[in-house]
Amino acid sequence: MTTLAVFGGSFDPPHVGHVLAAAWVLSTGEVDGLVVVPCGSHAFGKALTPFPHRLRMAELAFAPIRGAQVSDIEARRVGPSYTVDTLEALRTQQIKLRLVIGSDLVDEIPRWHEGHRVPSLAPPLVVGRGGHGDGSGDISMPAVSSTEVRRRLRAGESVEALVPRAVRRYVTRHGLYRGA
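Quick summary incoming for the structure in this document. (Residues numbered from 1 in each chain as written. Predicted model: local features only at pLDDT ≥ 70, side-chain atom pairs only at ≥ 80, totals over all residues. Heavy atoms only, no water.)

## Brief notes about the overall build of the chain
Then, in step 1: Scanning the chain for helices and strands turns up 6 helices and 6 strands.
Then, in step 2: Traced from its N-terminal end to its C-terminal end, the chain shows the element sequence β-α-β-α-β-α-β-α-β-β-α-α.
Then, in step 3: Relative to the compact-globule value of 16 Å for 180 residues, the chain shows a C-alpha radius of gyration of 16 Å, a close match.
Then, in step 4: Taking all 180 residues of the chain together, 44% fall into the buried category.
Then, in step 5: A total accessible area of about 9,300 Å² is found for the chain, and carbon and sulfur atoms account for 51% of it.
Then, in step 6: A gap of 7 Å separates the mean positions of the 21 positive and 17 negative side-chain charges of the chain. (Helix = DSSP H or I, 4+ residues; strand = E, 2+ residues; numbered from the N terminus. Rg over C-alpha atoms; globule rule 2.2 N^0.38 Å. Buried < 20%, exposed > 50% of the residue type's maximum accessible area, 1.4 Å probe, protein only. Areas by Shrake-Rupley, 256 points an atom, 1.4 Å probe, with all protein chains shown as cover. Lys, Arg positive; Asp, Glu negative; His and termini not counted. Charge placed at Lys NZ, Arg CZ, Asp CG, Glu CD.)

Laid out in structure tokens, this is it:
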């Protein structure tokens, strides 16, 4: 049976912490592949950069990671993006799922739409997030967030060490995250 890690998020924009988490999961987790799933529409109504941009940035960010693929599965659904629905759509009899999740979100799972079902559909692979909580998890990543990346870009500050080069070029070419 194939085991697939599912790494969902806004990826607005994807940053080096995301890429490092993917590499860690593929290198150390008992998984055969990893699917990156940018959310279609945020379940809590959070404003997001249009999906085609986030999808393309995710493709650029994760392209160097062998075994990682990016899926547009959530853009093909109508309504809010719920993790449980995405896991149900990805699950087959031949595929076992694991959910890649930041340690800052583990306690929130029971509050998600049908969150009680998530651990049985895809047992978590917990990634500690630097700067968030106690850093617990199977591994800790650097203290970087998409929120901080967007703030820096709006302020005209460098994100060189925080965002993959291909994503930085894409952001510049398309004028994303300027001003406001």
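Moving on from the model shown.
## Remarks on the nonpolar core
Then, in step 1: Residues Phe7, Val25, Leu34, Phe62 and Val100 are the most contacted members of the largest nonpolar core, which totals 31 residues.
Then, in step 2: Elements with a minimum of two residues in this core: strand S1 (2–9), helix H1 (16–28), strand S2 (33–38), helix H2 (51–62), strand S5 (124–129) and helix H6 (165–174).
Then, in step 3: No other element matches the 6 residues that H1 contributes to this core.
Then, in step 4: Within the second largest apolar cluster, 17 residues are counted, among which are Ile73, Val84, Trp112 and Val126. (Core = buried A, V, L, I, M, F, W, Y, C linked by side-chain atoms within 4.5 Å.)

## A word on the pattern of salt bridges
Then, in step 1: Throughout the structure, instances matching the rule amount to 8 salt bridges.
Then, in step 2: The partner of Arg117 in a salt bridge is Glu88, and the shortest N-O contact between them spans 2.0 Å. A residue pair is termed long-range when its members are at least 10 positions apart, and Arg117 in the loop between strand S4 (95–102) and helix H4 (118–121) and Glu88 in helix H3 (residues 83–90) qualify at 29 residues.
Then, in step 3: One salt bridge in this structure joins Arg151 and Glu157, with 3.0 Å as the shortest N-O distance.
Then, in step 4: Linked through salt bridges whose partners overlap, the residues forming this network are Glu88, Arg91, Glu114 and Arg117. (Salt bridge = Lys/Arg side-chain N within 4 Å of Asp/Glu carboxyl O.)

## Comments concerning the side chain of Arg54
Then, in step 1: Inspection of the secondary structure assignment puts Arg54 in helix H2.
Then, in step 2: The side chain of Arg54 sits in the buried core without any salt bridge; Asp12 is the nearest counter-charge, 4.9 Å away.
Then, in step 3: Among the polar contacts listed, one links the side chain of Arg54 to the backbone oxygen of Cys39, at a separation of 2.8 Å. (Polar contact = N/O pair within 3.5 Å; in protein donor to acceptor, adjacent residues only side chain to side chain.)

## Some thoughts on helix H5 (residues 146–154)
Then, in step 1: Taken as a whole, H5 has its buried residues at Ser146, Val149 and Arg150. Looking down the long axis of H5, one finds its buried residues gathered within 95 degrees of arc, a one-sided arrangement.
Then, in step 2: At the exit of H5 stands Gly156, carrying a positive phi of roughly 75 degrees. (Arc of directions from axis to C-beta.)

Function cannot be read off these values alone, since they describe shape.
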